[in-house]
Amino acid sequence: MTNDKLRRILGLSHSGTVRLVDRLVSDRLVERRPGQDGREVALHLTAKGAATRNDLMTSRISAVASLLDVLSPAETKRLETLLHELLARQDTSEMDRFTICRMCDDSACTNCPLPTDKGKRAR
């Protein structure tokens, strides 16, 4: 992840993204490392950042699960199928996928249904 990619995913200005990353670094959630070329800076979650992300994901999944608890197993499966179809029919780019799925649980969603550039690829 680079500052520019993060900026585009979150829809922030360059300076807003730099300030955000500065705060994340200050909180020891993210660290900056050399990027692929001399101009880029790569952003990596620290152990604390990964734990925080996991906590956020657990809270998010818990909130959604409590909402869906009223559904029967058959209804849950039907909803899953409908959501998969809804996402598969979207006209999305790779950047759209990052914006829509930025809080996806990668362990649960191993084959993202969102098409990218009109071609389906695993995330």
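It should be noted that the structure appears before, not after, this text.
A. Quick peek at the overall build of the protein. What the protein contains, in helices and strands, is five helices and two strands. For the protein, the α and β elements follow one another from N to C terminus as α-α-β-β-α-α-α. Across the 123 residues that make up the protein, the buried fraction comes to 21%. Within the protein, residue pairs in contact and separated by at least 24 positions form 38% of the contacts whose partners lie at least 6 positions apart. Total accessible area computed for the protein in this model is approximately 8800 Å², and 56% of it derives from carbon and sulfur atoms.

B. Looking closely at the packing of helix H1 (residues 3-10) against helix H2 (residues 14-26). It is at 9 Å that the axes of H1 and H2 come closest, and there the two elements cross at 110°. With respect to H2, the axis of H1 lies roughly perpendicular. Residues Asn3, Leu6, Arg7 and Leu10 of H1 pack against His14, Thr17, Val18, Leu20 and Val21 of H2. Broken down by class, the residue content of the contact of H1 with H2 amounts to five nonpolar, three polar and one charged.

C. Structural view of the side chain of Asn3. Following the sequence through the fold, Asn3 ends up in helix H1. Of the residues examined, Asn3 reaches a relative accessible area of 17% and is grouped as buried. Those residues within four positions of Asn3 in sequence are excluded, and the remaining contacts are Thr17, Val18, Val21, Val41 and Leu43.

D. Up close: the side chain of Thr17. With respect to the helices and strands, Thr17 occurs in helix H2. Classification of Thr17 by relative accessible area gives buried; the value is 1%. Non-local contacts of Thr17, meaning those with residues more than four positions away in its chain, are made with Asn3, Leu6, Arg7 and Leu12.

Quick notes on the rules
- Residues numbered from 1 in each chain as written.
- Predicted model: local features only at pLDDT ≥ 70, side-chain atom pairs only at ≥ 80, totals over all residues.
- Heavy atoms only, no water.
- Helix = DSSP H or I, 4+ residues; strand = E, 2+ residues; numbered from the N terminus.
- Buried < 20%, exposed > 50% of the residue type's maximum accessible area, 1.4 Å probe, protein only.
- Contact = heavy atoms within 4.5 Å.
- Areas by Shrake-Rupley, 256 points an atom, 1.4 Å probe, with all protein chains shown as cover.
- Axes fitted to C-alpha atoms, helices over the stretch in contact; angles between N-to-C directions.
- Parallel < 35°, antiparallel > 145°, perpendicular 65-115°, else oblique.
- Nonpolar A, V, L, I, M, F, W, Y, C, P; charged D, E, K, R; others polar.

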